[in-house]
Amino acid sequence: MSAAPSRDDLASDYLDQLPFDPYPVQEEALLTWFTADEGVLVCAPTGTGKTIIAEAALFEALHTGKTAYYTTPLIALTEQKFREMQEAAGRWGFSADDVGLVTGTCFAESGNDVTCLDIDEKKIEGLRRGEIPIYEPGLSELVVRNTKAGRLKFTTDYADAVSEARCLFIAVGTPQKEDGSANLNGLWAVVETMAPHLRPETVVIVKSTVPVGTNAEVARRLLEATGRDVDVASNPEFLKEGAAIVDFTKPDRVVVGVNRPEVAETLRELYEPFLRTDHPFLSMGLASAEMTKYVANCMLATKISFINEMANLCECVGADINDVRRGIGHDQRIGFAFLFPGVGYGGSCFPKDIRALVAASQANGLSPRILDAVDAVNNAQKEVLF
């Protein structure tokens, strides 16, 4: 059995098969990923090398049989930092799945008393000891500081967490089902379990990405379980992996969906410390807030598939996609964000959100032709590069 190729050899092979000449910063970026027996961990810098580095990780994974993990923290990844990340996470791969932990920690940092609830006892015990189950730059320090200050607590007890809450955020996963729609079983389990412990004045806020109509159904189920109307709000998150703390504390905008203006004012007060740079607090209906999250992700995914399709055409006609990208990116109506050709989008959000919106469109008798095309182009792009 021949020895596995070295990373330098793989990097050289990868550069040779690119349909364009990479910039020096991209070649340099190829050196910022690390390997171990379990997999390939990539930490892409912000800027030009981000897409190149993700592709390089996949290229290596395919040639070594390992699994590739990709993250974009706003730190310079060094061998020592990589080892620290492994020890802190206790697992491979880093994501923004734990939106609740980031949300609770940031609210505690702004002076609120916060209790984070999870049914995983081992995870909660670790958090009480300052062991963070995910990696986000700055999160560990904030958790430790606010836990010591008594503003941040962790529990598995619903009664303990819910009975004293003025605002109760639900941040559970909504994975994709076989038909492409969102699996809401985790959300319904939380709603059912917390209902007996809700105070009349508690506002229930759904952070999870959920289909249109879900928040209204949450309100209906809580009315049925408690015998009274419960204020329910939608507050979609727009956090990037590896930049969740920065995105939360310095948001482009805060979106809330409410049925009563008083609920919007409660949430505005909660978010006020993070809105000092005149970034907008956008209050709208429940359905509009639910759609905002899906439409945002689908728009970004559309840009990725579009630039990849144009890159393939450029290769056929002898044009340089990087020159074309610069030519269109300086148009303020277009911009540069998400216009980097590469392997396509992936991760825990874009694929499932595209397909969830496709499923929602079909359920309402519509043919989502653009979304279908975005998904098809993205799937085909993997075959183009590898």
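Residues numbered from 1 in each chain as written. Predicted model: local features only at pLDDT ≥ 70, side-chain atom pairs only at ≥ 80, totals over all residues. Heavy atoms only, no water.

Quick word on helix H9 (residues 185–194)
Side chains that are three or four residues apart share a direction in an α-helix, a result of its 3.6 residues per turn. The condition that has to hold: Only protein chains enter the calculation, and the probe is 1.4 Å; a residue is then buried if its accessible area is under 20% of its type maximum, exposed if over 50%, and partly exposed in between. Under the DSSP-based scheme used, a helix requires at least four consecutive residues in state H or I and a strand at least two consecutive residues in state E, with every element numbered from the N terminus. As used here, the arc belongs to the directions running from the helix axis to the C-beta atoms.
Taken together, the buried positions of H9 are Leu-187, Trp-188, Val-190, Val-191 and Met-194. Projection of H9 onto a plane perpendicular to its axis shows the buried side chains occupying an angular sector of 160°, all on one side. Pointing more than 90 degrees away from the buried face of H9 are the exposed residues Asn-185 and Glu-192.

Considerations on the pattern of salt bridges
Definition in use: For salt bridges, the criterion is a side-chain nitrogen of Lys or Arg within 4 Å of an Asp or Glu carboxyl oxygen.
One pass over the full model with this rule turns up 16 salt bridges. Put simply, Lys-123 and Asp-118 hold a salt bridge, and the shortest N to O gap is 3.3 Å. Judged by its relative accessible area of 23%, Asp-118 falls in the partly exposed class. The salt bridge partner of Arg-129 is Glu-131, with a shortest N-O separation of 3.1 Å. One salt-bridge network, held together by shared partners, links Glu-217, Arg-220, Arg-221 and Glu-224.

Regarding the packing of helix H5 (residues 99–109) against helix H7 (residues 139–148)
For clarity, the cut-off: What counts as an axis is a line fitted to C-alpha atoms, over the stretch in contact for a helix, and the angles between N-to-C directions run from 0 to 180 degrees. For classification purposes, an angle smaller than 35 degrees is called roughly parallel, one larger than 145 roughly antiparallel, one from 65 to 115 roughly perpendicular, and anything else oblique. Handedness of a crossing follows from how the near helix is turned relative to the far one, being left-handed for an anticlockwise turn of less than a right angle and right-handed for a clockwise one. When checking whether two residues touch, look at their non-hydrogen atoms; a contact exists if any pair is within 4.5 Å. Under the scheme applied, nonpolar residues are Ala, Val, Leu, Ile, Met, Phe, Trp, Tyr, Cys and Pro; charged residues are Asp, Glu, Lys and Arg; polar residues are all the others, including Gly.
Running from N to C, H5 and H7 point in directions that differ by 55°, and their axes come no closer than 10 Å. Put simply, H5 runs oblique to H7. Regarding H5 and H7, the two cross each other, and that crossing is left-handed. Of H7, the residues touching H5 (which contributes Leu-101, Val-102, Thr-105, Ala-108 and Glu-109) are Leu-139, Leu-142, Val-143, Arg-145 and Asn-146. Looking at side-chain class alone, the contact of H5 with H7 contains six nonpolar, two polar and two charged residues.

Considering the packing of aromatic side chains
Keep this limit in mind: A pair of Phe, Tyr and Trp rings is counted when the ring centres sit within 6.5 Å of each other, with Trp represented by its six-membered ring. The angle between the planes then sorts it: under 30 degrees is stacked, over 60 is edge-to-face, the rest tilted. As a reminder, the over-ring test applies to NZ of lysine and CZ of arginine, requiring each to be within 6 Å of the ring centre and within 35 degrees of the ring normal.
In this structure the tally under the stated criterion is eight aromatic pairs. Geometrically, the ring pair formed by Phe-107 and Phe-169 is tilted, given 5.3 Å between the ring centres and 40° between the ring planes. Taken together, the residues Phe-107 in helix H5 and Phe-169 in strand E6 (residues 167–170) connect sequence positions 62 residues apart. For Phe-169, a relative accessible area of 24% corresponds to the partly exposed category. With a centroid separation of 6.1 Å and an interplanar angle of 50°, the aromatic rings of Phe-107 and Phe-274 are classed as tilted. In this pair, Phe-107 sits in helix H5 while Phe-274 sits in the loop between helix H12 (261–271) and strand E10 (281–284), placing the two residues 167 residues apart along the sequence. On the basis of relative accessible area, Phe-107 is assigned to the buried category, the value being 4%. What links up through ring pairs into an aromatic cluster is the set Phe-107, Phe-169, Phe-248, Tyr-271 and Phe-274. A cation sits over an aromatic face here: Arg-221 above Trp-188, 3.8 Å from the ring centre. The ring of Phe-238 has Arg-253 sitting right over it, with the charged end atom 3.7 Å from the ring centre.

Concerning the side chain of Lys-303
To keep it simple, the criterion reads: A residue counts as positive if it is Lys or Arg and as negative if it is Asp or Glu; His and the chain ends are not included. Polar contact criterion, stated in full: a pair of N or O atoms within 3.5 Å, where within protein one must be able to donate a hydrogen and the other to accept it, and residues adjacent in sequence count only if both atoms are side-chain atoms.
Looking at the secondary structure, you find Lys-303 in helix H13 (residues 286–317). The side chain of Lys-303 sits in the buried core without any salt bridge; Asp-331 is the nearest counter-charge, 11 Å away. Polar contacts involving the side chain of Lys-303 include one to the main-chain carbonyl oxygen of Ala-337, which spans 2.7 Å. Residues in contact with Lys-303, not counting those within four places in the same chain, are Ile-334, Ala-337, Phe-338 and Leu-339.

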